Amino acid sequence: MPVPDRRTFIGTSLAGLAASFSQNAAAANPPGPPDASPFRSPFVYPFLIGEVEAWSISDANLMLGEGLDLMWPREAHPEMREVMGNHGEPEGALPLYVNVLVLRKDKEVILFDAGFGGPVRPRLGWFADGLKSIGIAPDDVTAGFLSHAHSDHLNGFVADGKPAFPNAAFHVLPDELAFWRANEPDFSKSKRAKGPLPKMIADARKYFDILEPNTETLKDGDQLFGGLVTVHAAPGHTAGHACFRITSGDDELLHLMDLAHHHLLMFADPNWTIAFDHDPEQSVVTRKKFWAEAAAKRTRCFGFHLPWPGIGHILPEANGYRWWPEAWRWQQ
Ligand SMILES: [Zn+2]
């Protein structure tokens, strides 16, 4: 058998390597129609809660340009800067992740909030693409839970002036509906800029009206889908703000929703609040209650605004707590 000379062997190997590399590159960047997700692929993290399939789907990549100016109390800013610096977090804009939790159990497909909605834009509105990428069509969704009526949570439930998930019940606490539908929703305790309020209120009412035929109101402590979802009233961020506990067998996941907007600040000191809270004092009381319980029980948690995919634990530390993100786990 002829032995290939060294030059031929190297030439053949490099050609093979180049061929396999270009195949891999093609697989990583499949050609697609030019109008499909022109900016990015969806960020979708699959995981399990007991036997229930779950996904964390990112809807946005936002930076809050006001940085610590959004955080209260002002006197604590030096301490906040120290916490940020100690962890290598840059000063300036604060990242705001938007993680939508999706569950599938038998024929139930359940969403916990729905992101910004609207067309896909470079920095937001990615949730619909993410859902499509895991083979779930809008008609497949059977239930949507709303934590509260801010645009990053509510707006994705509506598309083109109609319910985005026509077969889904829309679950919300009555206090949230009542707040936005009041003659004059009370923002007197909030540190949020007042200019955008009239539009915010008008939008929330408009979306609630569109979703009215699908709306089913909840009560604190309600259990749905045979105990799979438990509802927890968690007022402060808004009047009818809700958190949700998912239970499957011995496993559970506590969805913290907007009890935290940053992975360091609201944990290092739960007294620190963000300007978006409608009632900062109440939000602190609620956060302390949830943090104490989750830390004592070592509950697995999920954060809507914590670094994607947003799964982790709350650990007691010094005079406060620490958010401990769960390590990435490959699905088999
Ligand atoms: Zn939010």
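Residues numbered from 1 in each chain as written. Predicted model: local features only at pLDDT ≥ 70, side-chain atom pairs only at ≥ 80, totals over all residues.

### Section: the overall build of the chain
Logical step 1: Broken down by element type, the chain carries 8 helices and 18 strands.
Logical step 2: Residues counted as buried form 39% of the 332 residues belonging to the chain.
Logical step 3: By sequence separation, contacts in the chain at least 24 residues apart represent 69% of the contacts at least 6 residues apart. (Helix = DSSP H or I, 4+ residues; strand = E, 2+ residues; numbered from the N terminus. Buried ≥ 20, exposed ≤ 12 C-beta atoms within 10 Å, placed from the backbone. Contact = placed C-beta atoms within 7 Å.)

### Concerning the confidence of the model for the chain
Logical step 1: Here the chain averages 89 in pLDDT, and 87% of its residues register 70 or above.
Logical step 2: Here residues 1–37 is modelled with pLDDT under 50, and outside its nearest four sequence neighbours on either side it reaches 3 contacts, counting other chains as well. (pLDDT = per-residue confidence, 0-100.)

### A closer look at the packing of helix H5 (residues 174–181) against helix H6 (residues 197–211)
Logical step 1: Contact geometry of H5 with H6 gives a least axis separation of 9 Å together with a crossing angle of 130°. As judged from the angle between their axes, H5 and H6 are oblique. Helix-helix and strand crossings are classified by hand; for H5 and H6 the assignment is left-handed. Only Ile201, Ala204, Arg205 and Phe208 of H6 make contact with H5, whose side of the interface consists of Leu177, Trp180 and Arg181. (Axes fitted to C-alpha atoms, helices over the stretch in contact; angles between N-to-C directions. Parallel < 35°, antiparallel > 145°, perpendicular 65-115°, else oblique. Left-handed = near helix turned anticlockwise from the far one by under 90°.)

### So, the environment of Pro46
Logical step 1: Within the secondary structure layout, Pro46 lies in strand E1 (residues 44–49).
Logical step 2: We classify Pro46 as partly exposed; it has 15 C-beta atoms within 10 Å.
Logical step 3: Sequence separation of Pro46 and Leu101 is 55 residues, and the distance between their C-alpha atoms is 10.0 Å.
Logical step 4: Once residues lying within four places of it in the same chain are set aside, the contact partners of Pro46 are Trp55 and Gln331.

### Section: the pairing of strand E14 (residues 251–257)
Logical step 1: Of all the 7 residues making up E14, 5 are buried; the element is thus mostly covered by neighbouring parts of the structure.
Logical step 2: The pairing of strand E13 (residues 242–248) with E14 spans 5 bridges and is antiparallel. Bridge pairing in E14 places Arg245 opposite Leu254.
Logical step 3: Between E13 and the antiparallel strand that follows it, E14, lie 2 residues; Gly249 among them carries a positive phi value of about 60°.
Logical step 4: Taken together, the 3 bridges between E14 and strand E16 (residues 300–303) define a ladder with parallel strand orientation. Across the sheet, Leu254 pairs through a bridge with Cys301, a residue of E16. (Pairing = 2+ DSSP bridges.)

### With respect to the environment of Gln282
Logical step 1: Checked against the element boundaries, Gln282 lands in helix H8 (residues 280–297).
Logical step 2: Distance from Gln282 to Thr238, taken between C-alpha atoms, is 9.3 Å for residues 44 residues apart in sequence.

### So, the nonpolar core
Considering soluble globular proteins, one finds that nonpolar side chains tend to be buried as a cluster.
Logical step 1: Counting 84 residues, the largest nonpolar core has Val100, Val102, Phe157, Ala242, Cys243, Phe244 and Leu256 as the members making the most contacts within it.
Logical step 2: In this structure Cys243 touches His232, Ala234, Leu254, His255, Leu256, Met257, Leu259 and Phe290, once residues within four positions along its chain are discounted. (Core = buried A, V, L, I, M, F, W, Y, C linked by C-beta atoms within 7 Å.)

### Topic: the sheet that holds strand E4 (residues 94–105)
Logical step 1: As summarised here, the arrangement of the 7 strands in space is E1-E2-E4-E5-E6-E9-E10, forming an open sheet in which the pairing is mixed. Two strands lie at the open edges of the sheet, namely E1 and strand E10 (215–217), each paired on one side alone. Looking at each pair of strands side by side, their axes are set apart by 25° on average, direction ignored.
Logical step 2: The pairing of E1 with strand E2 (residues 52–64) spans 6 bridges and is classified as antiparallel. Its bridge partner lying in E2, Leu48 is registered against Glu53.

### A look at the sheet that holds E14
Logical step 1: With mixed pairing, 7 strands are arranged side by side in an open sheet as E11-E12-E13-E14-E16-E17-E18. Two strands lie at the open edges of the sheet, namely strand E11 (223–224) and strand E18 (320–325), each paired on one side alone.
Logical step 2: Each of E13, E14, E16, strand E17 (311–317) and E18 is contacted by H8, which is oriented at about 95° to E17, the strand it contacts most.

### Let's talk about H8
Residues three or four positions apart in an α-helix share a direction because the helix packs 3.6 residues into each turn.
Logical step 1: In a regular helix each residue adds 1.5 Å, so 18 residues correspond to 26 Å; H8 covers 26 Å between its end C-alpha atoms and thus fits that length.
Logical step 2: Where H8 ends, the next residue or the one after it, Arg298, has phi of about 55°, a positive value. (Expected span 1.5 Å × (residues − 1).)

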